[in-house]
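Structural description and commentary
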Amino acid sequence: MTSTLYQQIQQLYDASSGLWEQVWGEHMHHGYYGPDGNLKKERRQAQIDLIEELLAWAGVPSEKALGESYRILDVGCGIGGSTLYLTEKFSSIAQNNLKLDGKVDRERSRSPELNKTGASVTATGITLSPVQANRATERAKIADAQSNVNFLVADALNMPFPDESFDLVWSLESGEHMPDKIKFLQECCRVLKPGGTLILATWCHRPLGETAGELTDEERKQLAEIYRVYALPYVISLPEYEEIVRSLPLTNIRTADWSKAVAPFWDVVIDSALTPSAIWGLLTSGWTTIQAALALGLMSRGYQSGLIRFGLICAVK
């Protein structure tokens, strides 16, 4: 990742993460408002629902996958919201599976980690933001999960992990920040264990081609403004992501467009930014964060016009 882009992403999230947590909580991603986007939900519940819907769509975790050891990688972990949620959820499922199998006493006697949590589920989150990594580590300690979860400042294009390290590679709205989408997905595939699952949800632009046509000058202008404000190098279409994934040693590849399901998120964010506490937080958080807030309408309009899409991919190695 280029040093200039690296610094822009780091500065954006170093400056804005504290305010986001104050206003929205630990989850730094879209919410899920039903397949057609017409369900009214409490904003944080909508974000949790997105995680649950993604897992259900991808069929993760399977009972077969959750054995004695299960490792999760959260690429672009923010302040650890998804990382901690997935770890707690998968640990609970694995513990229940052990109880149903009548193995819990035997397994716990062999593993101190199992003795504490009931399941050997561990997770690693990576981010470019030291502020995010530190806050995520603090939140893990508060949740008494520090022995199962760790957070690193690391580049997703050059991950500091051996090949075949993780059972699940989870990337929720980080692909749009990657300046080399091919290298990014190659790295995700490299660190995934055989039989492991990749789940990717990312910002895209609309599909191109003979029917849809190329991007217009006005669309390119709108995208350029979104790139500038949110420290993005560029985004691509979901079919382009699928083409990259199909070039890798992955199987059971599936894609979906959930734009309708998540589009209401931006209007909810705009409403939440108009409270006195949020306005004061914006004024004290610096120009980078203020610019991002002022550009919220760009994303809302992008979904309305069909230019911005929310693309999903899952695959098995």
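Residues numbered from 1 in each chain as written. Predicted model: local features only at pLDDT ≥ 70, side-chain atom pairs only at ≥ 80, totals over all residues. Heavy atoms only, no water.

1. What to know about the sheet that holds strand β4 (residues 166-172)
Taken in spatial order, the seven strands line up as β3-β2-β1-β4-β5-β7-β6 in an open sheet, and their pairing is mixed. Whereas interior strands pair on both sides, the edge strands pair on one side only; in this sheet they are β3 (149-153) and β6 (251-257). Each strand axis lies, on average, 15 degrees off the axis of its neighbour in the sheet, ignoring direction. Both strand β5 (residues 192-205) and strand β7 (residues 308-316) contribute to a ladder of nine bridges, which runs antiparallel. In the strand pairing of β7, L200 is matched with I313. Contacting β1 (70-75), β4 and β5, helix α7 (residues 181-191) runs over the sheet at an angle of about 155 degrees to β5. (Pairing = 2+ DSSP bridges. Helix = DSSP H or I, 4+ residues; strand = E, 2+ residues; numbered from the N terminus. Axes fitted to C-alpha atoms, helices over the stretch in contact; angles between N-to-C directions. Contact = heavy atoms within 4.5 Å.)

2. Brief notes about the packing of aromatic side chains
Following the criterion strictly, the structure yields eight aromatic pairs and no others. What links up through ring pairs into an aromatic cluster is the set W203, Y230, F265 and W266. Over the ring of W57 we find R254; its NZ or CZ atom is 4.5 Å from the centre of that ring. (Phe/Tyr/Trp six-rings, centres within 6.5 Å; stacked < 30°, edge-to-face > 60°. Lys NZ or Arg CZ within 6 Å of the ring centre and 35° of its normal.)

3. A look at the confidence of the model for the chain
Put simply, the chain has an average pLDDT of 87, and 83% of its residues get 70 or more. This model gives residues 103-118 a pLDDT under 50, and the stretch forms 27 contacts once residues within four places in sequence are excluded. (pLDDT = per-residue confidence, 0-100.)

4. Overview of the pattern of salt bridges
Counted according to the given criterion, the structure contains 11 salt bridges. A salt bridge links R206 to E219, with the shortest nitrogen-to-oxygen separation between them at 2.9 Å. In this pair, R206 sits in the loop between β5 and α8 (217-230) while E219 sits in helix α8, placing the two residues 13 residues apart along the sequence. One exposure class covers both R206 and E219, and it is buried. E242 serves as the salt-bridge partner of R246, at 2.9 Å between the closest nitrogen and oxygen. One end of the pair is R246 and the other is E242, both in helix α9 (residues 238-246) and four residues apart, which spans about a single turn. (Salt bridge = Lys/Arg side-chain N within 4 Å of Asp/Glu carboxyl O. Buried < 20%, exposed > 50% of the residue type's maximum accessible area, 1.4 Å probe, protein only.)

5. Structural notes on the side chain of R139
Position of R139 relative to the elements: it lies in helix α6 (residues 130-142). Of the side chains with opposite charge, E21 lies nearest to the buried R139, which makes no salt bridge, at 4.0 Å. (Lys, Arg positive; Asp, Glu negative; His and termini not counted.)

6. Brief notes about the nonpolar core
F90, W170, Y230, W258 and F310 are the most contacted members of the largest nonpolar core, which has 59 residues in total. It is helix α2 (residues 43-58) that provides the largest number of residues to this core, a total of seven residues. If sequence neighbours within four positions are ignored, F90 has contacts with L55, V60, P61, L66, Y70, I72, V121 and L168. Residues A156, M159, F184 and I253 belong to the second largest nonpolar core, which totals 30 residues. (Core = buried A, V, L, I, M, F, W, Y, C linked by side-chain atoms within 4.5 Å.)

7. Observations regarding the pairing of β5
Burial within β5 is extensive, with 11 of its 14 residues counted as buried. Pairing of β4 with β5 involves six bridges; the strand directions are parallel. Note on β5: the bridge partner recorded for W170 is I199. Following the backbone out of β4, through α7 and into the adjacent parallel β5, one traces a crossover that is right-handed. (Right-handed = clockwise from strand over helix to strand, strands pointing away.)

8. Some points on the packing of helix α1 (residues 3-24) against α2
Two numbers describe how α1 lies on α2: the axes approach to 10 Å, and their chain directions differ by 105 degrees. Classified by the interaxial angle, the pair formed by α1 and α2 is roughly perpendicular. Two secondary-structure elements touch here, α1 through W20, E21, Q22, V23 and W24 and α2 through R43, R44 and Q47. Its residues assigned to classes, the contact of α1 with α2 shows three nonpolar, two polar and three charged. (Parallel < 35°, antiparallel > 145°, perpendicular 65-115°, else oblique. Nonpolar A, V, L, I, M, F, W, Y, C, P; charged D, E, K, R; others polar.)

9. Points about α1
Between the first and last C-alpha of α1 there are 30 Å, a value that for 22 residues agrees with the 32 Å anticipated at 1.5 Å per step. Within α1, the full set of buried residues consists of L5, I9, L12, S16, S17, L19, W20, E21, V23 and W24. In the segment just after α1, G25 is the residue with positive phi, at about 105 degrees. (Expected span 1.5 Å × (residues − 1).)

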